[in-house]
Amino acid sequence: MRKEHFYINSKQEGERLHCVKWVPDGSAKGVVQLVHGMIEYIDRYDEFAKYLVNAGYVVYGHDHLGHGETAKTPEDFGYFADNNGKNIVIKDIRQVYCHAKKEYPNVPYFLMGHSMGSLFTRKYITIFGDGLDGVIIMGTAYQPFRTALAGRVLATTIAKMKGKKYHSRLMHWLVLGNQNKRWKPNRTKNDWLTKDAKCVDNYNESPYCNFTFTVGAYMDLFDILMGLSVKKYRNRIPSTLPILLVSGADDPIGNYSVGVCKVKKQLEQQVEDIEMKLYEEDRHEILNETDKDVVFHDILDWIERHYKKSNKN
């Protein structure tokens, strides 16, 4: 196995995306593209990527704008773009897809998004779903249109007063500040991520995980959530595209499974092949949970089953 770091152009003029590729020693039987979540970076998926590589898959991923090594300076953390940030993030996912497709044009292709990445992935498949053989949606959220609209209005109001690059404590508290309530008294502010204390500590100590989102990025995020709640957009997902929903049953982002079940109910109105797996007592980052070996196995098993179906077609 080899691991490569490289850069490709972002759709945001003047920006470059930091990308990582994990490659098996032999020929790759398929591609898995990973889309990371909010306030983290792609190299946190290293262990899972290597697991997929050992099964014969090449894995690609990138740091979003405002994240990881794509961000040029700490001042860039938590910011996408001055205009149309949500669309640029989607187009950047597409940039990585096109790069990978050029290198591996004739093998099945799977897309997997976690948390915020799952929201962008759900939007992505309403535009580019035809080019995929399967999608894994992990740690996702459900928001009614009116709730997302209220968040968008608040973020816009703050941006008008403070500018889009302003880091609002109020917005951070409203979106993420209450996630720890089920596990009081808390050991750290991020206990909600996983039961694995070492993983939580590593997250808290990372310079790439110690920032808050800008109000401009929150505007983009709420725009995505608003769009996901509109049926006419979901109806653009190819009906034959297989989808796997996975989440911790105790994930506050998914409203402790309630929101994930609502997302499944929405998607199964459009998609023929949809499965859901909830992991009891697991929190938000199931790839970093104490039972991650089970999660790894289940995701790979789903990919393998749909890889075989793709090869028969």
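Since we're looking at a predicted model, the values are computed, not measured.

**Student:** Explanation requested: helix α7 (residues 215-228) in the structure shown.
**Tutor:** Residues that lie three or four places apart on an α-helix share one face, since the helix turns once every 3.6 residues. Look at α7: 20 Å from first C-alpha to last across 14 residues, which is about the 20 Å you get at 1.5 Å a residue. Taking burial as the measure, the 14 residues of α7 include 14 buried ones, the bulk of the element.

**Student:** So what exactly am I meant to see when it comes to the pairing of strand β8 (residues 274-279) here?
**Tutor:** Side chains on a regular strand alternate between the two faces of the sheet. Here strand β7 (residues 243-248) runs beside β8; their pairing, made up of six bridges, is parallel. Its bridge partner being in β8, Ser247 is matched across the sheet by Leu278. For the handedness criterion, the β-α-β arrangement of β7, helix α9 (residues 258-267) and β8 is classed as right-handed.

**Student:** It is not clear to me how the packing of helix α3 (residues 116-128) against α7 should be interpreted in this structure. Could you clarify?
**Tutor:** Helix packing for two helices is described by the angle between their axes and how far apart those axes are. Between α3 and α7, the shortest axis-to-axis distance is 10 Å and the interhelical angle comes to 50 degrees. With respect to their mutual orientation, α3 and α7 come out oblique. The two elements α3 and α7 cross, and the hand of that crossing is left-handed. In this structure, α3 contributes Met116, Leu119, Phe120, Arg122 and Lys123 to the contact, and α7 contributes Leu221, Ile224, Leu225 and Leu228. Class assignment for the residues of the contact of α3 with α7 results in seven nonpolar, no polar and two charged.

**Student:** How do you make sense of the environment of Tyr218 when you look at a structure like this?
**Tutor:** With respect to the secondary-structure elements, Tyr218 resides in helix α7. Apart from the residues lying within four places of it in its own chain, the contact partners of Tyr218 are Met38, Ala155, Met171, His172, Val175 and Phe213.

**Student:** Whenever I open this one, the environment of Arg182 confuses me. Can you help?
**Tutor:** Position of Arg182 among the secondary structure elements: in the loop between α5 (169-177) and α6 (197-205). A C-alpha to C-alpha distance of 27 Å links Arg182 and Ser229, two positions 47 residues apart in sequence. A polar contact of 3.3 Å, which involves the side chain of Arg182, links it to the side chain of Asp250.

**Student:** Explanation requested: the side chain of His18 in the structure shown.
**Tutor:** The residue His18 is located in strand β2 (residues 16-23) in this model. In this structure the side chain of His18 is engaged in a polar contact, spanning 2.8 Å, whose partner is the side chain of Asp63. Excluding anything up to four places from it in sequence, His18 contacts His5, Phe6, Tyr7, Gly61, His62, Asp63, Glu69 and Thr70.

**Student:** What is the right way to look at the pattern of salt bridges in this model?
**Tutor:** Between side chains of opposite charge, pairing is possible as soon as their charged atoms come close. Under the counting rule described, the total for this entry stands at 20 salt bridges. Between Glu304 and Lys29 there is a salt bridge, with its nearest N and O atoms 3.0 Å apart. Here Lys29 lies in the loop between β2 and β3 (30-35) and Glu304 lies in helix α10 (residues 292-312), a separation of 275 residues in the sequence. Taking relative accessible area as the criterion, Lys29 reaches 24% and is therefore assigned partly exposed. Ionic pairing is found between Glu275 and Arg305, a salt bridge with its closest N-O pair at 3.1 Å. On the criterion of sequence distance, the pair formed by Glu275 in strand β8 and Arg305 in helix α10 is long-range, its members being 30 residues apart. The network of salt bridges with shared partners includes Arg2, Glu4, Lys21 and Glu103.

Quick notes on the rules
- Residues numbered from 1 in each chain as written.
- Predicted model: local features only at pLDDT ≥ 70, side-chain atom pairs only at ≥ 80, totals over all residues.
- Heavy atoms only, no water.
- Helix = DSSP H or I, 4+ residues; strand = E, 2+ residues; numbered from the N terminus.
- Expected span 1.5 Å × (residues − 1).
- Buried < 20%, exposed > 50% of the residue type's maximum accessible area, 1.4 Å probe, protein only.
- Pairing = 2+ DSSP bridges.
- Right-handed = clockwise from strand over helix to strand, strands pointing away.
- Axes fitted to C-alpha atoms, helices over the stretch in contact; angles between N-to-C directions.
- Parallel < 35°, antiparallel > 145°, perpendicular 65-115°, else oblique.
- Left-handed = near helix turned anticlockwise from the far one by under 90°.
- Contact = heavy atoms within 4.5 Å.
- Nonpolar A, V, L, I, M, F, W, Y, C, P; charged D, E, K, R; others polar.
- Polar contact = N/O pair within 3.5 Å; in protein donor to acceptor, adjacent residues only side chain to side chain.
- Salt bridge = Lys/Arg side-chain N within 4 Å of Asp/Glu carboxyl O.

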